[in-house]
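Notes for the structure review
Listed below, chain by chain, are the residues.
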Amino acid sequence: MDKIKHYLQTTPYKDFELSIASADASFRKYYRLTQGDKTFLLMDSSLEKESLAPFLDVTKRLARAGVNVPKIYEQDLEKGYLIIEDFGNTHLLSQLTQENFKELYKKAIDEIVKMQKADTNGLPLYDKAFLHFEMDLMREWYLEKKLNRTLSKMQKETIEEALHSISAIVLSQPQNIFVHRDYHSRNIMLTKESELGIIDYQDAMSGAITYDLVSLLKDCYIEFEPQEIEKLALYFRDKVSPQTSDAEFIKWFDFMGMQRHIKVLGIFSRLHLRDGKDGYLKDIPLTLKYTLQTAKKYKETQALAELLEDLT
């Protein structure tokens, strides 16, 4: 923290009190700067400075689209520090209940509609190769390394066939749309003004229309009734693609969800095994539940569901 205190001496915030705010799944840390009733956040990306330029770029894109993202007050790309607006401590996750989730999710869906108006020019493409790169994390980190499974040639082929079916449906839906990539209840803040503040979007890409929707509605940290989630998915459909039938849109949504949850099974396992972050292990059962529930619904993925049930 000495380096941060030294940096603060060069800013208008040198007399603010410094306290730890949070850390995330990457190597970023956040500190709160406080003076009286004024607060700001210091983002410490000194261990991954390369993430700051994308963060600043995507902040501008989203702000231009009318999305509530943090204002940037100070930046030092060389040291890896930003001082940004403080949206507070209240994550959407801590406020969601059976009584209010429909209303809060609709507000969050309205933010997706805004985000999808953001400029995607120059953003990395969520293409077939990248979809598969992500999904392959499940086999390596979850099945082979975490569960210690040795897969037969036939089992590997079953997985590959299902993953190709998944990517085909994902790529059949509207593309080249702004994708936050981690739009869930821990990355949406409820501000003091009861507005939604959007964070952690620096890994944004250009991809499928349903990606952020499924990240939100099939959140790996909380679940609600599947029938209500489908209704909320169709609330979004009515706003962005009203010409698409219920069945087709829900299939887009479901297959996008499988792609994401298959990836996340690998990511959560890797965070534990490689990075020593055990906090995500408790979220694997819900992620697996989403994967199995959806895979059983469709003939293209039923063999994958059976295989996963046998191995887990």
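Relevant structure appears above.
All of these numbers come straight from a predicted model, not from anything done at the bench.

By the secondary structure assignment, Gln116 is in the loop between α4 (101-115) and α5 (128-146). Residues within four places of Gln116 in sequence aside, it is in contact with Ile177, Phe178, Ile209, Phe236 and Val240.

Applying the stated rule across the entire model yields 27 salt bridges. For Lys239, the salt bridge is made with Asp110, and the minimal N-O distance between the two is 3.7 Å. Of this pair, Lys239 sits in helix α8 (residues 226-240) while Asp110 sits in helix α4, and the two are 129 residues apart along the sequence. With relative accessibility at 29%, the residue Asp110 sits in the partly exposed group. Among the salt bridges present, the one from Lys282 reaches Asp283, with a minimum N-O distance of 3.9 Å. What makes Lys282 exposed here is its relative accessible area of 58%. The buried category is assigned to Asp283, whose relative accessible area is 7%. The structure contains a network of salt bridges with shared partners spanning Lys218, Glu230, Asp254 and Lys297.

Next up on the list: the packing of helix α10 (residues 284-295) against helix α11 (residues 302-311). In contact at an axis separation of 8 Å, α10 and α11 are set at 140° when each is read in the N-to-C sense. In terms of their interaxial angle, α10 and α11 are classed as oblique. At the point where α10 passes α11, the crossing takes the left-handed sense. Residues Thr291, Leu292 and Ala295 of α10 lie in contact with α11, whose contacting residues are Gln302, Ala305, Leu308 and Glu309. Residues that form the contact of α10 with α11 fall into these classes: four nonpolar, two polar and one charged.

Parameters and conventions
Residues numbered from 1 in each chain as written. Predicted model: local features only at pLDDT ≥ 70, side-chain atom pairs only at ≥ 80, totals over all residues. Heavy atoms only, no water. Helix = DSSP H or I, 4+ residues; strand = E, 2+ residues; numbered from the N terminus. Contact = heavy atoms within 4.5 Å. Salt bridge = Lys/Arg side-chain N within 4 Å of Asp/Glu carboxyl O. Buried < 20%, exposed > 50% of the residue type's maximum accessible area, 1.4 Å probe, protein only. Axes fitted to C-alpha atoms, helices over the stretch in contact; angles between N-to-C directions. Parallel < 35°, antiparallel > 145°, perpendicular 65-115°, else oblique. Left-handed = near helix turned anticlockwise from the far one by under 90°. Nonpolar A, V, L, I, M, F, W, Y, C, P; charged D, E, K, R; others polar.

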